Amino acid sequence: MLDLKLLQREPASVAKALALRGSSIDVAEFTALDERRRALLVESESLKGERNAVSAEVAVLKRSGGDASSRIERMGTVNARIKVLDQELELVQAEQNAWMLAVPNMPHASVPEGKDENDNPVLHAWGEPPAFSFTPREHWELGEALNGLDFDRGAKLAGSRFVVMRHWAARLERALVNFFLDIHTREHGYTEMLTPLMVNRETMTGTGQLPKFADDLFKLDGWDYFLIPTAEVPLTNLHSGEILEESMLPLAYTAQTPCFRSEAGSYGKDTKGLIRMHQFTKVEMVRFAHPDRSYEDLELMRVHAETLLQRLELPYRVITLCTGDMGFASAKTYDLEVWLPGQNKYREISSCSNCEDFQARRANLRFRRAGGGKPEYLHTLNGSGLAVGRALVAVLENGQRADGTVVIPKALRPYMDGLEVIG
RNA sequence: GGAGAGGUGUCCGAGUCGGCCGAAGGAGCUCGCCUGCUAAGCGAGUAUACGGGCUUAAACCUGUAUCGAGAGUUCAAAUCUCUCCCUCUCCGCCA
């Protein structure tokens, strides 16, 4: 959610910033709503002030045995008017709130301008795509041939975009999870968390999934619970409503969770393989940063994600999302794209974003500077570290050999009982 | 699922027959003093949100709201009523 005061003071510059990301707001509509809200508020509050004053007089009169009936009678009409005003006010406030919740975050000044994913500049690349003396296969061929990925049974049990992982594949998934978590907790200073996998409406609103993107979520029938699409949701909402000490910042959390996504609107995209599933595992990093230093935190988090790919010896590149390609809540995002020889292209495996105070305002995440002062919104960041299913894909496709076997990256072997080759 | 207890400010904790409660008291924190040693003493201050006034802005002044959430009764509710949520205890059930 954007700052109400900023919208009141400089609606034109807000609109300009949002236009960069291809989003338009109706400034006139906002201004009209806000002015209406304030007019109602002024009248209602002044009448309530009168009522409070008269009530005090009534109290005095009653205690001294005086007659307060005329004042009480007069308050009857005042109360009727207050009731009408407050009902109207509630409607206007609800409308304004809905309006505010539907507006995306503004891009940071350092974000390159652009229209869509074709305008995302490459920040840097690491590693060389391996050269094969044969035509590299896609991961689902390898996975099925090696009897590890069972898409047929996944479909039988649940439907399309589900998989059953067997034997080495299940083990590899767990190895990746443990490897990622170990590095984040031992070397990067993150605290490992285990959170609910379903959360309530308020939590989903705090990070921005609701109210606008309900179609992307799985909701439980008969319960006001939603399956989390990423651990970002429970982790970022962890301290909602709290006021943290400045000395506690930055807080760094990591969690591995299944992620559930309806993938509505992605029909026909990535229908084969593990790339786009209704359920996938992801290790997430979330940071609660000091607003003065949140962009340093973003660079740090990006490096944390990159470290994992380097240890796995997987070639990748980093792109900066342009203004037109960023997510709803983000002010700046880096995507890590890993090289997939089977597809012969780079595919997203991590997304690291600084949401600044956009989520903090929704979820009421604040801190107080040392030495007192008013609480301020902190900045929230989130990044994949990494998407486990896609990491498994990358390991298979990059490690494959002509005979159909797959070499496991050295860093992962301790997590696989020393196994060096699959197949 | 059954029975009971409870949800108050950063924290702990008082709120009697509804009014003088934004809320006693304590801790913590901030500032000042004192002391001269890692502690103590003294004094003052210390909620948030949204409006209005003033202002370049802030400070400041002022109003309203907030004592789990919502609704109701009343001139007036932390205090009464109802619904819901959450926590705790006991029983049942269960991994």
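Residues numbered from 1 in each chain as written. Chains lettered and ligands numbered in written order. Predicted model: local features only at pLDDT ≥ 70, side-chain atom pairs only at ≥ 80, totals over all residues. Heavy atoms only, no water.

**Section: the overall build of chain A**
Helices and strands together make up the secondary structure of chain A, namely 12 helices and 17 strands. Its C-alpha atoms give chain A principal-axis dimensions of about 100 × 45 × 45 Å. Buried residues in chain A amount to 50% of all 423 residues. Within chain A, residue pairs in contact and separated by at least 24 positions form 73% of the contacts whose partners lie at least 6 positions apart. Of the roughly 20,100 Å² that chain A leaves accessible, carbon and sulfur atoms contribute 50%. Distance between charge centroids for chain A: 2 Å, based on 50 positive and 59 negative side chains. (Helix = DSSP H or I, 4+ residues; strand = E, 2+ residues; numbered from the N terminus. Buried < 20%, exposed > 50% of the residue type's maximum accessible area, 1.4 Å probe, protein only. Contact = heavy atoms within 4.5 Å. Areas by Shrake-Rupley, 256 points an atom, 1.4 Å probe, with all protein chains shown as cover. Lys, Arg positive; Asp, Glu negative; His and termini not counted. Charge placed at Lys NZ, Arg CZ, Asp CG, Glu CD.)

**Topic: the packing of helix H7 (residues 168–186) against helix H10 (residues 294–311)**
Put simply, H7 and H10 touch, their axes get as near as 11 Å, and they point 130 degrees apart. The pairing of H7 with H10 is recorded here as oblique in orientation. Here H7 runs over H10; the crossing is right-handed. Here Phe179, Phe180, Ile183 and His184 of H7 lie close against H10, whose contacting residues are His304, Leu308 and Arg311. Its residues placed into classes, the contact of H7 with H10 shows four nonpolar, two polar and one charged. (Axes fitted to C-alpha atoms, helices over the stretch in contact; angles between N-to-C directions. Parallel < 35°, antiparallel > 145°, perpendicular 65-115°, else oblique. Left-handed = near helix turned anticlockwise from the far one by under 90°. Nonpolar A, V, L, I, M, F, W, Y, C, P; charged D, E, K, R; others polar.)

**A short note on the confidence of the model for chain A**
Fine structural detail should not be taken from predicted coordinates in areas where pLDDT scores are low. Averaged over all residues, the pLDDT of chain A equals 93, while 100% of them reach at least 70. At the level of chain-chain contacts, confidence expressed as ipTM amounts to 0.86, with global pTM at 0.93. (pLDDT = per-residue confidence, 0-100.)

**Remarks on the sheet that holds strand E12 (residues 345–354)**
Working definition: the strands of a sheet are paired by backbone hydrogen bonds and lie parallel or antiparallel to each other. Ordered in space as E1-E10-E11-E12-E15-E9-E8-E4, the eight strands form an open sheet in which the pairing is mixed. Of all strands in the sheet, those bounded by a partner on one side alone are strand E1 (122–126) and strand E4 (191–192). By the bridge criterion, 10 bridges tie strand E8 (residues 251–260) to strand E9 (residues 279–289) in an arrangement that is antiparallel. Counted as the bridge partner of Ala255 is Glu284 from E9. Sheet strands in contact with H7 are E4, E8, E9 and strand E15 (379–387), and its direction is about 10 degrees off that of E9. (Pairing = 2+ DSSP bridges.)

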